[in-house]
Amino acid sequence: MRTLPFDSETLHLTDRPIDPDFPPLPHGLTLDQAVAVHAHEVKAGDLVLAVFSDESGTRRAEHVPTPYRADPHALRDCPCEGCEECDDIDRWTLADHGRVADVGWRFVCLAPSERGESGEDDEPCAIELRNRPVAVILADVVAAVEEATRAPVRTYGVMWSADFEASSPQEAAQLAYEQLKSYATDGWPPEMEVTDEAGYMAVIDLNATQQAEGSR
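S.K.: Outline the overall build of the protein, supporting the account with residue identities and numerical values.
M.R.: If you tally the helices and strands in the protein, you get five helices and 13 strands. Classification of the 216 residues of the protein by burial places 31% in the buried group. Once local pairs closer than 6 in sequence are excluded, the contacts in the protein between residues at least 24 apart make up 59%.

So this is what it looks like as structure tokens:
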């Protein structure tokens, strides 16, 4: 459990549930990096981990099953084309038009709904009370960890070799070029010799790699 200072109180951020629906935080991030802010203070790129109940006394932490990067905006600016949360608010305001302004200053959308391949909303808009405490990992912390865990880019030398009977270097080069072009049509790539910056050489059989991927 992590304790988070918030205004004049302390929030208790419990450990994430051990459940397939609650995967680990991405990039090796941990709850130790979390801070508590009001929902209206969440910035673009912050990773939203949990929201806290607005009850008096001990506030319960409600973990977000899949933490998401925030894209906060006012409800009137929501790009959503209609999701469960927005539809509920529309019905609430239609029942009493005096609630329209109330919605504008009481609530904030932390992220718009996401649509799946079926065209349906997989996740509705994340709409919260503006002053509700939210546990987040700040955007600059997330960006720094992402950069640190990104695989380094290195320089590799790639060689392909084959023997050709030819009457001149130009003819041999032309024959090699024609053979290389044939790999694109017959689907049989050559073996490649790949050498890294330290001089270590590995022979990569692209055909064997493709066969292994196709058998999974």
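S.K.: So what's going on with the sheet that holds strand β12 (residues 191-195)? Residues and values would help.
M.R.: Taken in spatial order, the three strands of this open sheet run β11-β12-β13, and their pairing is antiparallel. The sheet is open, and its two edges are formed by β11 (157-159) and β13 (201-205), each paired on a single side. Between one strand axis and the next, the sheet turns by 25° as a mean value, whatever way the strands run. In terms of strand pairing, β11 meets β12 through three bridges, oriented antiparallel. Residue Met 159 lies in a different strand from β12, and its bridge partner there is Glu 193.

S.K.: An account of the environment of Asp 87 is requested, with residue identities and associated values reported.
M.R.: Counting through the fold element by element, Asp 87 comes out in helix α1 (residues 84-95). We classify Asp 87 as partly exposed; its relative accessible area is 33%.

S.K.: Give a description of the pairing of β13 that names residues and reports values.
M.R.: Inspection of the sheet shows β12 paired to β13 by five bridges, in the antiparallel sense. Across the sheet, Glu 193 pairs through a bridge with Val 203, a residue of β13. Remark: five residues form the turn of the hairpin made by β12 and β13, two consecutive strands paired antiparallel; Gly 199 in that turn has positive phi of roughly 90°.

Thresholds applied
- Residues numbered from 1 in each chain as written.
- Predicted model: local features only at pLDDT ≥ 70, side-chain atom pairs only at ≥ 80, totals over all residues.
- Heavy atoms only, no water.
- Helix = DSSP H or I, 4+ residues; strand = E, 2+ residues; numbered from the N terminus.
- Buried < 20%, exposed > 50% of the residue type's maximum accessible area, 1.4 Å probe, protein only.
- Contact = heavy atoms within 4.5 Å.
- Pairing = 2+ DSSP bridges.
- Axes fitted to C-alpha atoms, helices over the stretch in contact; angles between N-to-C directions.

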